[in-house]
Amino acid sequence: MDSSFQYLLAWVVYLGFGVLFATQLFALTAARSFFTKAMIRGHFIVLAFTPAEIAEFPGHYAPAVLTLMMDLLLRGAATTLQGGVTLLVVYLAMLVSVGVFGFARPSD
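A short tour of the structure in this document, coming up. (Residues numbered from 1 in each chain as written. Predicted model: local features only at pLDDT ≥ 70, side-chain atom pairs only at ≥ 80, totals over all residues. Heavy atoms only, no water.)

Digging into helix α4 (residues 82-104)
Part 1 of the argument: Here α4 contains 23 residues, and its C-alpha end-to-end distance of 33 Å stays within 8% of the 33 Å for a straight helix at 1.5 Å per residue.
Part 2 of the argument: Structurally, α4 contributes buried residues whose contacts are with α2 (34-49), β1 (51-53) and α3 (64-75). (Helix = DSSP H or I, 4+ residues; strand = E, 2+ residues; numbered from the N terminus. Expected span 1.5 Å × (residues − 1). Contact = heavy atoms within 4.5 Å.)

A short note on the packing of α2 against α4
Part 1 of the argument: Across the interface, α2 lies against α4 with an axial gap of 10 Å and an inter-helix angle of 155°. Comparing their axes, α4 and α2 come out roughly antiparallel. In this structure, α2 crosses over α4, and the sense of that crossing is right-handed. Contacts between α2 and α4 involve Phe 34, Phe 35, Ala 38, Met 39, Gly 42, His 43, Val 46 and Leu 47 from the former and Leu 87, Val 90, Tyr 91, Met 94, Leu 95, Val 98, Phe 101 and Gly 102 from the latter. (Axes fitted to C-alpha atoms, helices over the stretch in contact; angles between N-to-C directions. Parallel < 35°, antiparallel > 145°, perpendicular 65-115°, else oblique. Left-handed = near helix turned anticlockwise from the far one by under 90°.)

Focus: α2
Part 1 of the argument: An ideal rise of 1.5 Å per residue puts 22 Å on 16 residues; α2 measures up with 21 Å between its terminal C-alpha atoms.
Part 2 of the argument: Every buried residue of α2 is listed here: Ala 38, Met 39, Arg 41, Gly 42, Phe 44, Val 46 and Ala 48.
Part 3 of the argument: Taken together, the buried residues of α2 touch α1 (3-28) and α4. (Buried < 20%, exposed > 50% of the residue type's maximum accessible area, 1.4 Å probe, protein only.)

Let's talk about the layout of surface pockets
Part 1 of the argument: The volume enclosed by the largest pocket comes to roughly 220 Å³.
Part 2 of the argument: Ile 54, Glu 56, Thr 67, Met 70 and Asp 71 are the residues nearest the centre of the largest pocket, which is lined by 14 residues in total.
Part 3 of the argument: Of all the elements in the fold, those that place two or more residues in the lining of the largest pocket are β2 (61-63), α3 and α4.
Part 4 of the argument: Top element by residues in the lining of the largest pocket is α3. It accounts for six residues.
Part 5 of the argument: Residue composition of the lining of the largest pocket, grouped by class: seven nonpolar, three polar and four charged. (1 Å grid on protein atoms, 1.4 Å probe; cavity = no way out; pocket = protein on both sides within 12 Å on 5 of 7 lines; lining within 4 Å. Points joined across faces, edges and corners; volume = space filled by probe spheres on them. Nonpolar A, V, L, I, M, F, W, Y, C, P; charged D, E, K, R; others polar.)

Here it is as structure tokens:
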């Protein structure tokens, strides 16, 4: 098998199961308040769908949570924590967007 096909197949399977899990999570959180619902869904989306470039394989991406964990486990303190920086930026964007949508939405 071609390695580019395996890379594509791995992402298709990962994203497919991520979307499947997301539909279940969205159904479970439908009855929650806006803030609780937005934070639970936002955390899941950030953790599951934020990609980061793999340092050893330029041009190839993996979920940022996995790259962060692999960097911490394999390199320890000598790592650049590229996945962590990516997650931090995306988390801050998620928190700002939840705050903006929370204040801008019409009152019930």
